[in-house]
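Analysis of the macromolecular model
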Amino acid sequence: MNDQGYTVRRARTHDVPRIKELVEPLVQKRILLGKETVVFYEAVQEFRVAEDANGTLIGCGALHVMWEDLGEVRTLAVAEDWLGKGVGHAIIDRLEEDARELGLSRLFCLTFEVGFFSRHGFVDMGTETVDPSIYAELVRSPDEGVAEFLDLARVKPNTLGNTRMVKRL
């Protein structure tokens, strides 16, 4: 438990319903893309969650490995009454720690929260691309996050207004 009254830990399968609850308001506001419950279960090992002193989940975020050196921070959400209390920052810090442990050297995110991610060292990707041989492999992925990273035309309608950001670890 930190000074602010919460801890960050690895998610467990029984956390999935609450993760979905945390994400849903952001889906309704069109900030995050909605996901089926089965997708959250399939990715539970990618998630870190923050819980308060009572054991209530107050935030979540996931680290999805995309390539040898590249991961995506995704599905970052914090309960409304915990916004501005460092929960999102603590989750990002933990995901960055996980990324380093995995050997990643870059993190990607697609976000409307440019200020938040900028404070963590993320910068607008602009027209940054990847080596053509890696692109040829990544483009085979059915994952929407990979398509967003590659800035493929098929995801443009879904991501209009979002900023592609990257951080070097």
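This section reports on the structure supplied with the text. Quick caveat: nothing in here was measured; it's all calculated off a predicted structure.

Here the focus is the overall build of the chain. A count of helical and extended segments in the chain gives seven helices and seven strands. The order of helices and strands in the chain, counted from the N terminus, is β-α-α-β-β-β-α-β-α-β-α-α-α-β. By the burial criterion, 47% of the 169 residues in the chain qualify as buried. Considering only contacts within the chain whose residues lie at least 6 apart along the sequence, 68% involve residues at least 24 apart. Carbon and sulfur atoms form 52% of the exposed surface of the chain, whose accessible area is close to 9000 Å².

What follows concerns the nonpolar core. With 39 residues, the main nonpolar core has I19, V23, F47, C60, V73, V87 and F117 as its most contacted residues. Contributing elements (two or more residues each) for this core: strand 1 (6–10), helix 1 (16–28), strand 2 (47–52), strand 3 (57–67), strand 4 (70–78), helix 3 (87–102), strand 5 (106–111) and helix 4 (114–118). Counting residues per element, this core draws most heavily on helix 1, which supplies six residues. Setting aside chain neighbours within four positions, we find F47 in contact with R10, A11, I19, F40, C60, G61, A62 and T75. M66, M125, F149 and V166 belong to the second largest nonpolar core, which has 10 residues in total.

Cut-off values and rules
Residues numbered from 1 in each chain as written. Predicted model: local features only at pLDDT ≥ 70, side-chain atom pairs only at ≥ 80, totals over all residues. Heavy atoms only, no water. Helix = DSSP H or I, 4+ residues; strand = E, 2+ residues; numbered from the N terminus. Buried < 20%, exposed > 50% of the residue type's maximum accessible area, 1.4 Å probe, protein only. Contact = heavy atoms within 4.5 Å. Areas by Shrake-Rupley, 256 points an atom, 1.4 Å probe, with all protein chains shown as cover. Core = buried A, V, L, I, M, F, W, Y, C linked by side-chain atoms within 4.5 Å.

Take it as geometry only, folks, not as evidence of what the structure does.
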